[in-house]
Amino acid sequence: MDMLKRRILHVLKYLGALLILGVFSFPYLIMILTSLKNRTEIFAIPPTFFPKVWQFQNFVDMWAKVPLAQYMSNSFVIATCATSITLVCAIPAAYALARMKFRGLNAYMYLVLVTQMFSPIVLLVGLFRVMGWFGLVDTIAGLIIVNAAFNQAFAVWILKGYFSTIPYELEQSAWIDGCNRVQGLFRVLLPLSAPGLITALIFVFIAAWNEFTFALTIISTEAYKPLTVGIYAFFGKYDVQWQYLFAVSIVATVPVIALFLGIEKHLASGLTSGAVKE
Amino acid sequence: MEPLTRMAQRKRRGRFSGLSVYLWILPSLLLIVAIIFVPVFELFRTSFSEVTRSGLVKGWNDFQNYLDLFREENLLLVLRNTLVWTVVVVGVATVLSMGIALLLNRRFFGRRVVRSVIIFPWATSLIITASVWKWIFDYNYGTLNLILKFFHLIGANVYWLAQPSSSFPVLLWAGIFDTIPFTTIVILAGLQSIPDVLYESADIDGAGGYRKFAHITLPMLKQPLTVCTVLNIIYVFNSFPIIWTITRGDPLNQTDTVVTYLYKLAFQVNKMGQAASISVLSFLFLLFFSILYVTLTQERKK
């Protein structure tokens, strides 16, 4: 009886795993298959599941359909600059939260926590007006600064978490050797917090790379569009160029997924502000 | 602490006392205040002011924007959609994620692969995943109709995205699909922090699988479940790209939620004042959950 029950559970476990695998890879499988069909086959009735002709040429042609290289380099510049600004601001703040005590520090911490919950969409009207004051509407600089600000909370939080796990004594002995706080931070704490630093870096980079709503709102000039907004061009007025849309999507997604898998282990604690133990 | 290090610390504290300590948080604070809090203030101001068609904000107008907003005929529909969207997506995603996390917490061949695949929707831009669903649910060329016909489950193609009675469920599914990865990872982290000793002693007491789940697993997951539910409510409420890509809230606001609706008010029909007022109301609603979240997470540490 017990043996049978265990067998059934064992089978169910694998069935469940297969089901999850099937459901979660399905849209990506369709994306890959569609990206390899030619236009005639995409709009064939009845449709095909696998391409009859494998059109690898799509991955070459897509570069000429829209200013794809421009979109990609915009996205790259936006994500890189936003990540740098976020980290430059977040590292000292996280250090203060982990190592110091002074009036107002708690208030700052609550402020950061609450902003983690804000998204550009609800603030869009106000944000758009403020961007107008600074002359940042329809600029890449505007996208950079907004992405940096809205990812600040996550970066501060994950870094603070990492800094707190590293014994204070290590820095203190560096002080005795003549380092000051800033040197201690750079020479002792940051090298030891490399995993946290990399997690924050990759997460913010991906968030900025994938951001869509705010970019859609403030960017109208073709040359400033990031990839997420740029690929909307494939949704034409009368039909959608699905094969190119998905070919571009694959190129835009594969490196991101690879980076993401590398940091996935550390994300739960950063995103839930340390409320969940790893 | 050693006396020596305490001395060193005192020395440093002396050197870094006064206003200079605030330099450590200043860049971060400036960024947050300028790019998040100033827009919040400007949002409130806009919501209480008359806004000309060219976007000029004039003076106080006695809540006129709010009154206009409440007179919009589709407002109730949009609010109802938002409620259904948030509750169903968060609710279903949490239940499914719980199942997936329980499975992933067991050992089996290929577990790493399943765990990696689960992450895909989280790493992929929402508009990309949403585009694929839009294509899969396409009437003429979509894969779903193809598969259903292949297995003779439908005779003729179904217009999934033409009417809200079927397009809204499609949106819900796309939302659930994108919410599962984060929820699963948080629950899984919670499961892995439950000490094995608890289950071992339950085994000695002869407790069955269900009783172990109800009396050990669930109570131990209270904290992570609460946190990811509150966070999901905020994320899902704010979710714009899925709906924007698949239906644009059409036809006639039938599949709009608050965020797509406010986008249309602000940037398509030029009703900035009303857009600001619905944003303010959403903001206050979300602020309530944010404060709840901060209270819950900070409570544990005391």
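In short, a report on the structure. Since the structure is predicted, the reported quantities are computational estimates derived from the model, not experimental observations.

### Concerning the overall build of chain A
Part 1: The helix and strand inventory of chain A stands at 14 helices and 0 strands.
Part 2: For chain A, the C-alpha radius of gyration of 24 Å lies well beyond 19 Å, the compact-globule estimate for 278 residues.
Part 3: Taking the principal axes of its C-alpha atoms as reference, chain A extends roughly 75 × 70 × 35 Å.
Part 4: For chain A, the proportion of its 278 residues judged to be buried stands at 49%.

### Examining the overall build of chain B
Part 1: Helices and strands together make up the secondary structure of chain B, namely 14 helices and 2 strands.
Part 2: Over its C-alpha trace chain B gives a radius of gyration of 25 Å, far above what one expects of a compact globule, namely 19 Å for 302 residues.
Part 3: Dimensions along the principal axes, computed over C-alpha positions, put chain B at roughly 70 × 65 × 30 Å.
Part 4: Split into buried and exposed, the 302 residues of chain B put 42% on the buried side.

### Describing the interface of chain B and chain A
Part 1: Taken together, the 79 residues of chain B in the interface contact 80 residues of chain A.
Part 2: Grouping the constituent residues of the side of chain B that touches chain A by class yields 55 nonpolar, 20 polar and 4 charged.

### Let's talk about unusual backbone geometry
Part 1: Across the junction of A:Ile45 and A:Pro46, the peptide omega takes the value -5°, indicating a cis bond.
Part 2: For the bond running from B:Asp250 to B:Pro251, omega is -5°, close enough to zero to count as cis.
Part 3: Along the chain, the position of B:Pro251 falls in the loop between α12 (241-246) and α13 (258-267).

### Things to note about the packing of helix α4 (residues 75-104) of chain B against helix α11 (residues 222-237) of chain B
Residues and elements named next belong to chain B.
Part 1: Put simply, α4 and α11 touch, their axes get as near as 9 Å, and they point 135° apart. It follows from the interaxial angle that α4 and α11 lie oblique. The two elements α4 and α11 cross, and the hand of that crossing is right-handed. In this structure, α4 contributes Thr-82, Trp-85, Thr-86, Val-89, Val-90, Ala-93 and Thr-94 to the contact, and α11 contributes Thr-229, Asn-232, Ile-233, Val-236 and Phe-237.
Part 2: For the contact of α4 with α11, the class distribution of residues is 7 nonpolar, 5 polar and no charged.

### A closer look at helix α4 (residues 68-99) of chain A
Part 1: Taking 1.5 Å of rise per residue, the 32 residues of α4(A) would be expected to cover 46 Å, and the 45 Å separating its terminal C-alpha atoms lies within 8% of that figure.
Part 2: At A:Ala90, α4(A) shows its strongest bend, of approximately 30°, with the proline A:Pro92 following within four residues.

### Observations regarding the environment of B:Phe44
Residue and element names in this part refer to chain B.
Part 1: Of note, Phe-44 is situated in helix α2 (residues 26-47).
Part 2: Classification of Phe-44 by C-beta neighbours within 10 Å gives partly exposed; the count is 17.
Part 3: A C-alpha to C-alpha distance of 8.7 Å links Phe-44 and Ser-279, two positions 235 residues apart in sequence.

Calculation rules
- Residues numbered from 1 in each chain as written.
- Chains lettered and ligands numbered in written order.
- Predicted model: local features only at pLDDT ≥ 70, side-chain atom pairs only at ≥ 80, totals over all residues.
- Helix = DSSP H or I, 4+ residues; strand = E, 2+ residues; numbered from the N terminus.
- Rg over C-alpha atoms; globule rule 2.2 N^0.38 Å.
- Buried ≥ 20, exposed ≤ 12 C-beta atoms within 10 Å, placed from the backbone.
- Contact = placed C-beta atoms within 7 Å.
- Nonpolar A, V, L, I, M, F, W, Y, C, P; charged D, E, K, R; others polar.
- Axes fitted to C-alpha atoms, helices over the stretch in contact; angles between N-to-C directions.
- Parallel < 35°, antiparallel > 145°, perpendicular 65-115°, else oblique.
- Left-handed = near helix turned anticlockwise from the far one by under 90°.
- Expected span 1.5 Å × (residues − 1).
- Bend = angle between axes of the 7 residues up to and from the residue.

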